[in-house]
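A closer look at the structure
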Amino acid sequence: MANVSLRNIYKKYPGGVVAVSDFNLEIRDQEFIILVGPSGCGKSTTLRMIAGLEEISEGELYIGDKLMNDVAPASRDIAMVFQNYALYPHMTVFENMAFGLKLRRVPKDEIKRKVEEAAKMLELTALLDRKPKAMSGGQRQRVALGRAIVRDPKVFLLDEPLSNLDAKLRAQMRTVIAKLHLKLGTTFIYVTHDQTEAMTMGDRIVVMKDGFVQQIDTPQNLYERPYNKFVAGFLGSPPMNFVDCMLRTENGKYWVEFGSKKKKFTVDLPPAKYVDELKNYANQVMVMGIRPESIHDEEMYLSNASTGIADCTVEISELMGSETYLYLDCEGISLIARVEARNNIEPGESIKIGIDPNKIHLFDKETENTVVN
């Protein structure tokens, strides 16, 4: 079993700096967990504490039901893949992958078998005699993965392994790692600041900010039901739009109002969003969140919409191939809409948009916690 348990974990540095605060997480055997957040949020520090490369200040770490706080890194039965590959430049691919096994005095024939199996899995068989300097970034990263695979660890730890690669290679390597996880049936703990990697690879995602866990959930639940404004804004590309609005109510109905003194726009809330807490926000400023794909400009949608229609000016139009991003000004409020691909929308053009009331999120203006999803 390779379940991992982090219980009330803290990392404190001299001078009162707290990098990780009260981190709690139960990772199931064979689960693919992603730690995601902006630079400096504590995700890599958490991974290094699991690896034993950083000392745990408070709390308990268990791997396979064994307390690991004082266990040396080499005895934790984990393998770590680093951002910078950490390959030995003077060694061939075979020697790099075999190095850890040689240190353990594994028999030569077993080393050969394990390296060749891993090389086949990662499509490195033809490169076993090459040295790192003669390889691309993607090939080097696969060698780093292969070096981890041959150790047959209980837990794989991956610290931003794709951040040095270009966009196309990152997409390819995401697939390689996802397939690898399925083939090996091992627990993966993966750190990234890239929300696309997080959303496409993980069984569950841990969103972190300033050393604190903000939310732990599946990619879909995080996207559709964020716990707070930070989570809502961090996940999604383009990011969620946030608009200050006034919550209005009358005769048991709720709607939000936004715009300028000159012109106001309203969006009626559907009854499914009438949570009990809303009564506490009547006639108060809230923050409305709406994702770009939930803003529509199609004639069919606009003709059938009974609420959420607004007049906007196009500032920038970006044709992205299969879709277009519209950067809009709506009475001084900036919005991004992700609409069907078209290249006939010009900057300065006036258009009508429709905000889907079923996709609105509402956040407390002060605490930034979610009130309505």
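Refer to the structure printed above.
Analysis parameters
Residues numbered from 1 in each chain as written. Predicted model: local features only at pLDDT ≥ 70, side-chain atom pairs only at ≥ 80, totals over all residues. Heavy atoms only, no water. Helix = DSSP H or I, 4+ residues; strand = E, 2+ residues; numbered from the N terminus. Buried < 20%, exposed > 50% of the residue type's maximum accessible area, 1.4 Å probe, protein only. Polar contact = N/O pair within 3.5 Å; in protein donor to acceptor, adjacent residues only side chain to side chain. Contact = heavy atoms within 4.5 Å. Salt bridge = Lys/Arg side-chain N within 4 Å of Asp/Glu carboxyl O. Lys, Arg positive; Asp, Glu negative; His and termini not counted. Expected span 1.5 Å × (residues − 1). Arc of directions from axis to C-beta. Core = buried A, V, L, I, M, F, W, Y, C linked by side-chain atoms within 4.5 Å. Phe/Tyr/Trp six-rings, centres within 6.5 Å; stacked < 30°, edge-to-face > 60°. Lys NZ or Arg CZ within 6 Å of the ring centre and 35° of its normal. Pairing = 2+ DSSP bridges. Axes fitted to C-alpha atoms, helices over the stretch in contact; angles between N-to-C directions.

**Focus: the side chain of lysine 43**
Structurally, lysine 43 can be placed in helix α1 (residues 43-51). Judged by its relative accessible area of 3%, lysine 43 falls in the buried class. Of the polar contacts made by the side chain of lysine 43, one reaches the backbone oxygen of glycine 37; its length is 3.0 Å. Among all residues touching lysine 43, those that are not within four sequence positions of it are Leu35, Val36, Gly37, Pro38, Glu160, Val191, Thr192, His193 and Met208.

**Structural notes on the pattern of salt bridges**
Scanning the entire structure with this criterion turns up 19 salt bridges. Here arginine 7 and glutamate 26 are joined by a salt bridge, their closest N and O atoms 3.9 Å apart. Placement of the pair is arginine 7 in strand β1 (residues 4-13) and glutamate 26 in strand β2 (residues 17-27), with a sequence separation of 19 residues. Of the charged contacts, one joins glutamate 160 and lysine 43 as a salt bridge, the two residues approaching to 4.0 Å between their closest N and O atoms. With glutamate 160 in the loop between β7 (155-159) and α5 (167-184) and lysine 43 in helix α1, the pair connects residues that are 117 residues apart, well separated along the chain. For the pair glutamate 160 and lysine 43, a shared accessibility class is recorded, and that class is buried. Here the salt bridges do not stand alone but share partners, grouping Lys11, Arg48 and Glu54 into one network.

**Observations regarding the side chain of arginine 147**
Checked against the element boundaries, arginine 147 lands in helix α4 (residues 137-149). Despite its burial, arginine 147 remains without a salt bridge, the nearest opposite charge being carried by glutamate 95 at 12 Å. A distance of 2.7 Å separates a polar atom in the side chain of arginine 147 from the backbone oxygen of alanine 86. If we skip the residues at most four places from it in the chain, arginine 147 touches Tyr85, Ala86, Leu87, Asn96 and Met97.

**A few points about α5**
If you check α5, its first and last C-alpha atoms are 26 Å apart, about what 18 residues at 1.5 Å a residue would give, namely 26 Å. If you check which residues of α5 are buried, you get Met173, Arg174, Ile177, Leu180 and His181. Around the axis of α5, the buried residues are gathered within 135° of arc, so they sit on the same side. Looking at α5, the residues exposed on the side facing more than 90 degrees away from the buried face are Lys168, Lys179, Leu182 and Lys183. As for α5, its buried residues are in contact with β3 (32-36), α3 (108-121), α4, β7, β8 (187-192) and α6 (195-201). Put simply, aspartate 166 is the residue that caps the front of α5, since its side-chain oxygen is 3.2 Å from the backbone nitrogen of lysine 168.

**Considerations on the nonpolar core**
Soluble globular proteins: nonpolar side chains tend toward being buried together. Ranked by size, the top nonpolar core spans 45 residues in total, and within it Met97 and Ile177 carry the most contacts. For this core, the element with the highest residue contribution is α4, accounting for five residues. Once residues within four sequence positions are removed from consideration, isoleucine 177 is found in contact with Phe32, Leu145, Leu158, Pro161, Leu162, Phe188, Tyr190 and Met201.

**As for the packing of aromatic side chains**
The geometry of an aromatic ring pair is captured by two quantities: the separation of the ring centres and the angle between the planes. Counted according to the given criterion, the structure contains eight aromatic pairs. On the numbers, 5.9 Å between centres and 45° between planes, the contact of phenylalanine 32 with tyrosine 190 is tilted. Note that phenylalanine 32 is positioned in strand β3 and tyrosine 190 in strand β8, a separation of 158 residues in sequence. Given a relative accessible area of 0%, tyrosine 190 falls into the buried group. We note arginine 291 situated over the ring of tyrosine 223; from NZ or CZ to the ring centre the distance is 3.8 Å.

**Some details on the environment of serine 260**
Counting through the fold element by element, serine 260 comes out in the loop between β12 (253-259) and β13 (264-268). Distance from serine 260 to lysine 273, taken between C-alpha atoms, is 25 Å for residues 13 residues apart in sequence.

**Looking at the pairing of β2**
Strand direction decides the pairing type here: β1 and β2, joined by seven bridges, are antiparallel. Its bridge partner being in β2, leucine 6 is matched across the sheet by leucine 25. Taking the residues between adjacent antiparallel strands as the criterion, β1 and β2 are bridged by three residues, where glycine 15 takes a positive phi near 95°.

**Thoughts on the sheet that holds strand β21 (residues 370-372)**
Across the sheet, six strands lie side by side as β13-β12-β11-β14-β20-β21; this open sheet has antiparallel pairing. At either margin of the open sheet sits one strand with a lone partner, and together these are β13 and β21. The sheet shows a mean angle of 40° between the axes of neighbouring strands, taken without regard to direction. Direction of pairing for strand β11 (residues 241-250) relative to strand β14 (residues 285-290): antiparallel, over a ladder of six bridges.

The values are spatial; any link to function lies outside them.
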